[in-house]
Each structure stands twice: as C-alpha cells, then as structure tokens.
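A look at the structure
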Amino acid sequence: MLFNSISFAIFLPIVFSLYWLIPAEKRKFQNVLLLISSYVFYGWWDYRFLFLLVFSTFLDYYSSLKIDSAKNKNVKKTWLLISVFVNVGFLGFFKYFNFFDDNFITVLNSLGFKADIWTIKLILPVGISFYTFHGLSYVFDVYNQKTSPRKDFVDYALFVSFFPLLVAGPIERATHLLPQVEQKRAFKYSVAVDGLKQMLWGLFKKMVVADNCTRLVNIIFNGANHYSGSTLVVGVVLFAFQIYGDFSGYSDIAIGTARLFGFELLRNFAYPYFSRDIAEFWRRWHMSLTSWFKDYLYIPLGGSKGNTISKTRNIFIVFLVSGFWHGANWTFICWGALNAVYFLPLLLMGKNRDNMEIVAKGRVFPAFKDVFKILITFCLSCFAWIFFRSSTVSQAISYIKTIFSLSILHKPEIVPVRVFTLIGILILIDWIGREDLYPIKITGAKWPRMLRWTFYVGIVFSILYFGHHQEPFIYFKF
C-alpha cells in the first residue's frame, strides 16, 4: 500500500478512528489493532510474503528469549548466530541470489566455459532490508544487555511491523520504540495536528518535487548518449533532489503518520544538502541507517581506534556494506567505495566532526565560506549519485566522460524551469526551518494565522496540480 494512494487515504482514517475509540487503558487492544492493520498494509502489496515477515519476527522473538535464559555464553552466542544467519540468509537469498548467479555465469563464460546453469528470477519482498534490521538490532541489544527481551509477542511484533515504518524506515531501535509500544497512549490534538502537517510536507516532497524530477531523470539517464555534458549535469542534479524528496518525503509521511497514533519515530533526515563536508552529510542523510551501521558494524570492528590501516579498513567495510545493502549491483558498491574515499581523509585528519551544528545557526544568511563548502559537498554527492542511479558501471563511466567533455559548454537541451522552481521552494522552506526538529514546524505559532493557512492551502494546491505524475517510492527496491 502506497502512502500516496487512494487505498491508503481510505485505510488511514479507518484505522485512526478505530484506534482512538479504544480507551487508553486497553493498550493491548490498541496494539492488536495496529498489528493487524500493519499486516493488512504489508499484505496489500503481496500477501504471500507475509510469511517471511511473521517468521522473521517469531525467530528474533524466540532467539532473544533463549539468549536471555541461557546461562552459558556459548549458548547465548549460538542463538545470536542462528538469528543473524537465518535473517541474513533470507535477505541474501531474495536480494542477492540473482546478482551472484549472474556474476558466476559471467565469470564462467569469461574463462571459456559455456555456462548453462538453471536460474530463477526472484521477486524482492518489499521492506525486507528494513524489517530485517529492526529485528537484528533487537537481538543484538538483548545479547549485549542493552535491553531486556519482551515476553509479549504482540508488543514485539508491533515494534517490527508498525506499518508507517515497515517498508522503508526509519530503521527503529528497540530501546526507542518498544517502550512506547508498552505504555499508555492518550490522544493529543496538538501532536496529531503536527503529524498531519509533517505528512503534508512529505507528500509535497514526494509528489511535487521528487515525482516531477523522476520523469526528467529517466529521460536523461536512459538517453545519456544523445545529450550534452551540460544536460547530463542537469540530470544528476535533478536525481539528487529526486532521491532526497522521495526518501525524506517517505520518512516525513511515516513519522507524521506515527504521531497520529501517539508514537515518535527516529528522525531520518536533517537537511543533508546544507552539509559542509561528507562527514556532516552522513550525519544528516538516512540517519537511522547510518547510526545502525555505526553501532552494529563500525564500532564492533574497532571504529576510529587503532592505526591508519585499521581505520581505513573499517571505513571501507562500512561504506561497501552500506552500498551493497542498497542493491545487488556493482554500481552501489562503487557508490559506497566513492563515499569511503570522500570520508577517509576527514577521519585521518581528525576533521570528521568539524561541523556539528547546522550551518548559519542564528543567522539568516550563511557566510561565503559555508556556501563554498556546501557547494563542494553537494557536487561530490552528485558525482557519487551518478553510480547510484546508473544501471551499470560502464553506463556511469560513460555518463561521467560526457560530463567532462567539451559538450559541457553547450546549452542544455533540457532546462526544466518549473521543476527547478519547485526545487527552489523546497530548498527555501528547508533553509527557513533548518534549526527546527522538522521543517514543517516553521508553520507553527511563529507565523500569523492567515500566512499559515495560505501556506497550507498552497501546499495542498501544489500537490493536486503538480502531483499527477505518480511514481513508486524509490526505496521500495531496497
């Protein structure tokens, strides 16, 4: 079920109404309703894959209980490894089988063997990367005694399957969301209104900015051989805002929807294109995934401790795994490696935490130095996005060669003034609200009522007028 669909527009009010008709004292019934609703939400896409979700949930639930009850450390580790290997096995099979199969055939053919191997083309279960990481974080935290195992299966299952975050995050932690699942939740009008505002802003990002960028990005990338370097620059800039509007828009809708039910999800984006270096960018982009890899991969590897070789190894492992997590393609591995190359000098020079506060805090305009750093960081990100968007590495290299040819001096064949205007509006609103937790809060008490309502009506009108190019959410494929 898509957030920007008619079915969700019917589904949400029904679940919301039934949920708040249940008294706060009947929290367990609220949770049962949300769990059933979450399975309906997921099954709407393909009910056959509900089995995987339920099985993964039960496996991690049972494993955590066995880890907690075991007296022997080896037994605890055994149950941890069972959970990890089965979960990663399912993820690897559905997400990477075709990748390894195709590459194995290619290698055999290159060695002179005529490969005639039986193959299958698998459908990737939507959201498997996200709910797998939800469950694994819980098992890791139980093993490391950061949280206690839950005996109430419904509560735990809701933590894994809560429908706003089920298919594309944010990637939640048990220590953050489970206590909210277990406590009474009373309806608060102001919280619900804030949730609706954030949903509205997320729909603007997705339907107005991202979807309008998508159509042009597809045209330019699919026909890259026929366009000048200047047009290809336009294409990658449009993709930068397509993926930002699409994924941060999804996160806004998810977080806003959760607030309607009294839950606060983890923040996932914090104005990443205002970053002044790549380290800051990764503190602000897909924050729940970045912190997941930091806590469960980077730090266990040794983090930034040790000598230069170990630091370099750890950074490349994390970014390569992050790239491969995004998709079974060499392009994603190249994207991860490139970001590691960007990040490593900052780490080795001890400058990876130079820009901890939002740019131009307390000021209207940034300093020229900050503008320069923001532009450089944005250009580096865009260069890496070429690999992320391309179908093959060779296509990405060809795209880059054209950009750095003399044709970059030509006038672009595609100049989408309307789309760049919409992007400009997004940047302006993000900039005005960059010091707030969520950008839509700029429409709160600080603005006169008439201006606030003009803003709301303007967003609704823009969604209705510009939002007819409906595209699937980009992160559903991951």
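Up top is the structure these notes are about.
Computed from a predicted model, the values in this text were never measured in an experiment. Throughout, residues of each chain are indexed from 1 in the direction in which the sequence is written. It should be noted that, the model being predicted, local features are given only for residues of pLDDT at least 70 and side-chain atom pairs only at 80 or more, the latter also being counted only at that level, while totals for whole chains, interfaces and linings use all residues. Only hydrogens and water are set aside; all other atoms, that is, all heavy atoms of the structure, feed into the side-chain values.

1. What about the overall build of the protein chain?
Secondary structure counts use DSSP, requiring at least four H or I residues in a row for a helix and at least two E residues in a row for a strand, with both numbered from the N terminus. Assigned secondary structure in the protein chain consists of 17 helices and 0 strands. With the principal axes as the frame, the protein chain shows a C-alpha extent of 70 × 65 × 45 Å. Evaluated residue by residue, the protein chain yields a buried proportion of 55% over its 478 residues. Within the protein chain, residue pairs in contact and separated by at least 24 positions form 77% of the contacts whose partners lie at least 6 positions apart. Here the open area of atoms and residues is found with the Shrake-Rupley method and a 1.4 Å probe, where only the protein chains shown may cover a residue. A total of about 22,000 Å² of accessible surface is found on the protein chain, and carbon and sulfur atoms cover 68% of it. The charge count includes Lys and Arg as positive and Asp and Glu as negative, but it does not include His or the ends of the chains. A charge is said to be at NZ when it belongs to Lys, at CZ for Arg, at CG for Asp and at CD for Glu. Each charge class in the protein chain was averaged separately, 48 positive and 28 negative side chains, and the resulting centres sit 4 Å apart. For every residue, the accessible area (1.4 Å probe, protein chains only) is compared with the maximum for its type, and the residue is labelled buried under 20%, exposed over 50%, or partly exposed between those bounds. The contact rule is simple, with two residues in contact once any of their heavy atoms fall within 4.5 Å.

2. Details of the side chain of Ser390
Considering the arrangement of structural elements, one finds Ser390 in the loop between helix 14 (368-389) and helix 15 (393-403). Counting of polar contacts relies on pairs of N or O atoms within 3.5 Å, with two restrictions inside protein: one atom must be capable of donating a hydrogen and the other of accepting it, and residues adjacent in sequence are counted only when both atoms are side-chain atoms. For Ser390, the side chain forms a polar contact with the main-chain oxygen of Ile386, separated by 2.6 Å. Non-local contacts of Ser390, meaning those with residues more than four positions away in its chain, are made with Phe221, Thr331, Gln395 and Ala396.

3. Observations regarding the pattern of salt bridges
By convention in these notes, a salt bridge is any Lys or Arg side-chain nitrogen within 4 Å of a carboxyl oxygen on Asp or Glu. One pass over the structure, following the stated rule, counts 11 salt bridges. One salt bridge connects Asp155 with Arg27, and the closest N-O pair in it is separated by 3.3 Å. Of the two residues, Asp155 is situated in helix 6 (residues 153-161) and Arg27 in helix 2 (residues 27-46); the sequence distance between them amounts to 128 residues. The burial state of Asp155 is the same as that of Arg27; both residues are buried. For the salt bridge of Glu280 with Arg284, the shortest nitrogen-to-oxygen distance reads 3.1 Å. Here the residue Glu280 and the residue Arg284 both occupy positions in helix 10 (residues 278-284), the gap between them amounting to 4 residues, near one helical turn. Under the relative-accessibility criterion, Glu280 is labelled buried at 0%.

4. Digging into helix 8 (residues 189-222)
Helix length check: helix 8, at 34 residues, gives a terminal C-alpha distance of 47 Å against a target of 50 Å (1.5 Å per residue), a fit within 8%. Values of bend correspond, residue by residue, to the angle between axes fitted over the seven residues ending at that residue and the seven starting there. In helix 8, a bend of some 35° at Ala210 exceeds every other bend along the element. Taken across its 34 residues, helix 8 has 24 buried, putting it largely inside the fold. To estimate how far a helix should reach, multiply one less than its number of residues by 1.5 Å.

5. Things to note about the packing of aromatic side chains
Aromatic rings from Phe, Tyr and Trp, with only the six-membered ring used for Trp, were paired whenever their centres fell within 6.5 Å, and each pair was classed as stacked if the ring planes differed by under 30 degrees, edge-to-face if by over 60, and tilted otherwise. What the rule picks out here adds up to 70 aromatic pairs. With centroids separated by 4.4 Å and ring planes inclined at 15°, the aromatic side chains of Phe221 and Tyr399 adopt a geometry described as stacked. Taken together, the residues span a long stretch of sequence, with Phe221 in helix 8 and Tyr399 in helix 15 at a distance of 178 residues. Our definition puts a charge over a ring when NZ of Lys or CZ of Arg is within 6 Å of the ring centre and also within 35 degrees of the ring normal. Over the ring of Trp431 we find Arg434, and its NZ or CZ is 3.8 Å from the ring centre.

6. Thoughts on the environment of Asn212
With respect to the helices, strands and loops of the structure, Asn212 is situated in helix 8. Measuring from C-alpha to C-alpha, the distance between Asn212 and Phe383 comes to 21 Å, with 171 residues separating the pair along the chain. Look past the residues within four positions of Asn212 in its chain and what remains in contact with it is Met207, Arg418, Val419, Leu422, Phe466 and His469. Side chain to side chain, Asn212 and Arg418 meet in a polar contact 3.4 Å long. A polar atom in the side chain of Asn212 sits 2.9 Å from the backbone oxygen of Phe466.

7. Some words on the nonpolar core
Among the buried residues, those of types Ala, Val, Leu, Ile, Met, Phe, Trp, Tyr and Cys that are joined through side-chain atoms within 4.5 Å form a nonpolar core. Counting residues in hydrophobic clusters, the biggest one holds 137 residues, and the most contacted among them are Tyr273, Trp285, Trp385 and Tyr475. Setting aside chain neighbours within four positions, we find Tyr273 in contact with Ala240, Phe241, Ile243, Tyr244, Phe281, Trp285, Ile374, Phe378 and Trp385. Judged by nonpolar contacts, the second largest core, of 7 residues, contains Tyr271, Phe274, Val359 and Trp431.

8. Focus on a nonpolar patch on the surface
A cluster of nonpolar side chains, contributed by Ile6, Ile10, Ile14, Leu18 and Leu21, occupies part of the molecular surface with about 540 Å² of accessible area. Judged by relative accessible area, Leu18 falls into the partly exposed class, the value being 42%. Residues forming no salt bridge and having over 30% relative accessible area are the ones grouped into patches, like charges within 9 Å of each other and nonpolar side chains (Val, Leu, Ile, Met, Phe, Trp, Tyr) within 5 Å.

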